[in-house]
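Each chain is listed here by its residues.
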Amino acid sequence: MSSNTRTPGLRSLLFAYRGTIMPVIWRRVLYTVFLSLIVAVLDLRYGWFGTGLNATPLTLLGLTLAIFLGFRNQVAYQRWWEARVLWGELITIARDIARQVRAFLPGADATERATLMGMLIAFAHALRHHLRGTDPTADVSRWLSPRLAEETLAAPNRPAYLVHRLGIDLADAARTERTDPILLAQIDLKLSQLSHVLAGCERISGTPIPFSYILLLHRSVHVYCFFLPFCLVGVMGWFTPVVVAILAYTFFGLDALGDQIEDPFDVMPNDLPLDRYSTTVENDLLFFVRPE
C-alpha cells in the first residue's frame with residue numbers, strides 16, 4: 001500500500017514519458033505542431049495571412065475552456081479519490097473481519113478459517129472484475145470450493161452474492177460456538193460496510209459524466225488548438241510552433257487526463273491499481289489462515 005513519494009528530479013519532470021499522459025496525446029500535439037510549422041512558413045515566407053488572425057476571440061475562448069477543463073477535471077478527480085477511499089475501506093474491513101474471526105471464533109479450525117478468508121479474497125477479486133466488466137472465473141475459482149465458485153459465477157451480482165454467503169457462514173459458525181450476539185453484531189456490521197463499498201463503487205462506475213458535456217469539451221479543445229497557429233503567427237513568428245506545442249500539450253493533456261480518471265476502475269495508467277489492492281487483501285488475509 002505504500003507509494004513512492006520522492007520528489008522527481010528536474011530531468012524526470014521535463015523528459016519523463018512512461019506514466020505520463022504523453023503516450024495518449026502525442027499524435028494530437030504533433031499534428032498541431034506540424035500545422036503551426038506550415039502556417040509559419042506560409043505566412044513568414046509568403047505572407048499568406050498578413051499579420052495573422054485577431055487573437056482576442058481565441059484568448060477569451062482559451063480562458064473559458066481552461067475554466068471548464070479545470071471544473072471537469074476536479075469532478076473527475078473527486079470520483080477517482082472517492083473510489084480510492086472505498087477500496088481503502090475494503091482493505092480495512094477485510095482485515096477487521098479476519099481479526100474478528102480469529103478472536104471471536106476461536107473454535108474455528110484452519111480449514112474453516114481458510115474458507116472464510118477465501119470468500120473475502122474472492123470478494124475483492126470479484127469486485128475488481130465486476131467494475132471492469134471482465135471475466136472473474138480464474139481469480140474467483142481458486143479461492144472457493146467448486147460448488148460455491150459455480151454458484152457465485154452464476155449470480156447476477158457476484159460480489160453481492162459473496163457477501164450474502166459470507167454472512168450465512170459466519171452466522172452458522174457463531175451459532176456453533178455460541179458466540180455472544182453482541183460480537184456477532186460487530187461482524188455483521190463489517191459485512192454491511194462491505195455492501196456499502198460495493199454500492200459506492202457501482203454508483204461511481206454506473207454514473208459517468210454526461211456525454212454531451214464531454215463531447216463539448218473535446219470539440220472545443222480541438223477547435224482551439226487548430227486555430228492557435230493562425231492567431232499566434234503574427235505575434236510569435238518562428239516561435240509559433242514552440243508556443244503552440246506547449247499550449248496544445250496543456251489543453252490536450254488536461255482533456256485526456258480527465259478522460260482517464262473519470263473512470264477510476266479502468267486499466268489506464270492513471271487509474272486505480274485494483275490488481276495491487278486485491279493482492280494486498282490476499283497477502284493480509286492469508287496471514288490469518290496460518291496455524292497459531
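The structure under discussion appears in the preceding block.
The model shown is predicted, which means the values in this text are computed figures rather than measured ones. (Residues numbered from 1 in each chain as written. Predicted model: local features only at pLDDT ≥ 70, side-chain atom pairs only at ≥ 80, totals over all residues. Heavy atoms only, no water.)

Undergrad: Kindly report on helix α2 (residues 22–46), identifying the contributing residues and their values.
TA: Taking 1.5 Å of rise per residue, the 25 residues of α2 would be expected to cover 36 Å, and the 34 Å separating its terminal C-alpha atoms lies within 8% of that figure. Maximum bend of α2: about 25 degrees, positioned at R28. Every buried residue of α2 is listed here: I25, V29, T32, V33, L35, S36, V39, A40 and D43. Check the buried side of α2 and you find it contacts α9 (211–236) and α10 (240–262). Looking at the residues trailing α2, positive phi occurs at G47, about 65 degrees. (Helix = DSSP H or I, 4+ residues; strand = E, 2+ residues; numbered from the N terminus. Expected span 1.5 Å × (residues − 1). Bend = angle between axes of the 7 residues up to and from the residue. Buried < 20%, exposed > 50% of the residue type's maximum accessible area, 1.4 Å probe, protein only. Contact = heavy atoms within 4.5 Å.)

Undergrad: Give me the lowdown on the packing of aromatic side chains, citing residues and values where you can.
TA: Note on aromatic pairs: each is described by the distance of the centres and the angle between the planes. Tallied over the full model, the rule gives seven aromatic pairs. With centroids separated by 5.6 Å and ring planes inclined at 20 degrees, the aromatic side chains of Y77 and W80 adopt a geometry described as stacked. Taken as a pair, Y77 and W80 lie in helix α3 (residues 56–104) at a separation of three residues, close to a single helical turn. Consider the rings of F226 and F230, whose centres lie 5.7 Å apart with planes at 45 degrees: the pair is tilted. (Phe/Tyr/Trp six-rings, centres within 6.5 Å; stacked < 30°, edge-to-face > 60°.)

Undergrad: Describe the nonpolar core, listing the residues and the values that go with them.
TA: Core analysis: the biggest nonpolar cluster contains 51 residues, and W87, L90, L127, L170 and L194 have the highest contact counts within it. Looking at this core, the elements with two or more residues in it are α3, α4 (110–132), α6 (146–154), α7 (158–176), α8 (181–206) and α11 (274–289). By residue number, the principal contributor to this core is α3, which donates twelve residues. Counting 19 residues, the second-largest nonpolar core is a separate cluster that includes V29, L217, L228 and F251. (Core = buried A, V, L, I, M, F, W, Y, C linked by side-chain atoms within 4.5 Å.)

Undergrad: Lay out the packing of α4 against α8 in plain terms, naming residues and giving numbers.
TA: Viewed as axis vectors pointing N to C, α4 and α8 meet at an angle of 10 degrees, and their least axial separation amounts to 10 Å. Classed by the angle they form, the pair α4 and α8 counts as roughly parallel. The handedness of the crossing between α4 and α8 comes out as right-handed. Of α8, the residues touching α4 (which contributes L120, F123, L127, H130 and L131) are L194, V197, L198, C201, E202 and S205. Tallied by class, the residues present in the contact of α4 with α8 amount to eight nonpolar, two polar and one charged. (Axes fitted to C-alpha atoms, helices over the stretch in contact; angles between N-to-C directions. Parallel < 35°, antiparallel > 145°, perpendicular 65-115°, else oblique. Left-handed = near helix turned anticlockwise from the far one by under 90°. Nonpolar A, V, L, I, M, F, W, Y, C, P; charged D, E, K, R; others polar.)

Undergrad: With reference to specific residues and values, describe the pattern of salt bridges.
TA: In this structure the tally under the stated criterion is 13 salt bridges. A salt bridge links R128 to D275; its shortest N-O distance comes to 3.4 Å. Within this pair, whereas R128 is found in helix α4, its partner D275 is found in helix α11, the two being separated by 147 residues in sequence. Among the charged side chains, a network of salt bridges with common partners joins R128, R132, D139, R142, D275 and E282. (Salt bridge = Lys/Arg side-chain N within 4 Å of Asp/Glu carboxyl O.)

Undergrad: For α8, give the residues involved together with the corresponding values.
TA: Spanning 26 residues, α8 covers 37 Å between terminal C-alpha atoms, matching the ideal 38 Å at 1.5 Å per step. Among all positions of α8, only I187, K190, L191, L194, V197, L198, G200, C201 and I204 are buried. In this structure, the buried residues of α8 make contact with α3, α4 and α7.

Undergrad: Summarise the state of the cysteines; cite the residues concerned and give the values.
TA: Scanning the entire structure with this criterion turns up zero disulfides. We note that C231 lacks a disulfide partner, and the nearest cysteine sulfur, in C225, lies 12 Å from it. For C231, a relative accessible area of 7% gives the class buried. (Disulfide = S-S within 2.5 Å.)

Undergrad: Describe the environment of L144, and please don't skip the residues or the numbers.
TA: With respect to the secondary-structure elements, L144 resides in the loop between α5 (137–141) and α6. For the pair formed by L144 and A114, sequence separation is 30 residues and the distance between their alpha carbons is 9.6 Å.

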